[in-house]
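Residues per chain, in single letters:
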Amino acid sequence: AQVQRNWMYLQPIFDSEDINRQLPAEGKRFTNVDRQWRKTLDKVQAAPQIITFCDNEELKEQWIKSNAELERVQKNLADYLETKRTAFARFYFLSNDELISILSQTKDPNAVQPHLRKCFEAVQKITMSGAEHEMTEMVSAEKEQVPFLNPLYPRGSVEVWMGEIETMMRKSVRAITEEGIQQYKTTKRGDFVLGHAAMVVLAVTQHYWTIEVEAAMEEAG
């Protein structure tokens, strides 16, 4: 039963070419157990007297060995996921299954889209376009768009370009905030509020509120 549970969990994971490419040794171990599992099921169909079939010491030893192999595969898979989380700490916000779903589709950068809101608060998706999946902006659940200072491309390992997205988010928010600080001086408040991202409006208005309060206190002594 333990072999069956482990096999059912690992089978869809190691069906992925990407996972097998990234974990070739574990993929081979799973394939060996999988082959033995299917061969045993074929034998059961040929001799359906299950009690007689299972009364076999050799079969028991085979399943003990298979179970040990699958547990080793699971442990090394968990260690592999930990290396990805170490490289990009926001992956700690994702469950193993969610992270595996990303890593098993590395050829499709859009595989990260359903998980972005767990990695980045208030980010619903990243706009990707063209054959190279050029990334140009982040979009909130409310459809508010914040353009990236420079376009990014999902090249290399997913944890690498996710880290590049995080860095670009900081640079882009800083840039539009600096722009907002300059425009606040010459723009009517209503137009300013409607023309900028909410986080920029809040940061810039608090910035000038603080300046004006300090100036008033100094003027009044």
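Thresholds applied
Residues numbered from 1 in each chain as written. Predicted model: local features only at pLDDT ≥ 70, side-chain atom pairs only at ≥ 80, totals over all residues. Heavy atoms only, no water. Helix = DSSP H or I, 4+ residues; strand = E, 2+ residues; numbered from the N terminus. Buried < 20%, exposed > 50% of the residue type's maximum accessible area, 1.4 Å probe, protein only. Contact = heavy atoms within 4.5 Å. Pairing = 2+ DSSP bridges. Axes fitted to C-alpha atoms, helices over the stretch in contact; angles between N-to-C directions. pLDDT = per-residue confidence, 0-100. Arc of directions from axis to C-beta. Salt bridge = Lys/Arg side-chain N within 4 Å of Asp/Glu carboxyl O.

On to the overall build of the protein chain. Looking only at helices and strands, the protein chain has 10 helices and 3 strands in total. Listing every helix and strand of the protein chain by position from the N terminus yields α-α-α-α-α-α-α-β-β-β-α-α-α. In terms of principal-axis extent, the alpha carbons of the protein chain reach across some 95 × 45 × 25 Å. Within the protein chain, buried positions represent 37% of all 221 residues.

What follows covers the side chain of T177. Here T177 is to be found in helix α8 (residues 158-184). Other than its neighbours up to four places away in sequence, T177 contacts V200, A203 and V204.

Once that is clear, we can look at the sheet that holds strand β3 (residues 145-152). Sheet architecture is open: 3 strands sit in the order β1-β2-β3, paired in antiparallel fashion. Both edges of this open sheet fall to β1 (125-129) and β3, since each of them pairs with a single strand only. The sheet shows a mean angle of 25° between the axes of neighbouring strands, taken without regard to direction. Bridging between β1 and strand β2 (residues 134-139) involves 5 bridges; their strand directions are antiparallel. By the bridge assignment for β2, T127 is matched with E137. Contacting β1, β2 and β3, α8 crosses the sheet at an angle of about 120° to β3.

This part is about the confidence of the model for the protein chain. Across the protein chain, the average pLDDT comes to 91, with 95% of residues at 70 or higher. By mean pLDDT, helix α4 (residues 50-54) is the weakest element of the protein chain at 66, and β2 is the strongest at 97.

Another aspect to go through is helix α1 (residues 2-10). Every buried residue of α1 is accounted for by V3, N6, W7 and L10. On an axial view of α1, the arc spanned by its buried residues comes to 100°, and they lie on one face. In α1, the exposed residues that point more than 90 degrees away from the buried face are R5 and M8.

This part takes up the pattern of salt bridges. Counted under the stated rule, the structure contains 11 salt bridges. A salt bridge links E166 to R90, with the shortest nitrogen-to-oxygen separation between them at 2.8 Å. Of this pair, E166 sits in helix α8 while R90 sits in the loop between α5 (57-87) and α6 (96-103); the two residues are 76 residues apart in sequence, bridging distant segments of the chain. Residue class for E166 comes out buried when judged on its relative accessible area of 17%. Put simply, R174 and E178 hold a salt bridge, and the shortest N to O gap is 3.2 Å. Note that R174 and E178 are positioned in helix α8 at a spacing of 4 residues, about one turn of the helix. Classification of R174 as exposed rests on a relative accessible area of 57%. Exposure remark for E178: the relative accessible area of 42% places this residue in the partly exposed category.

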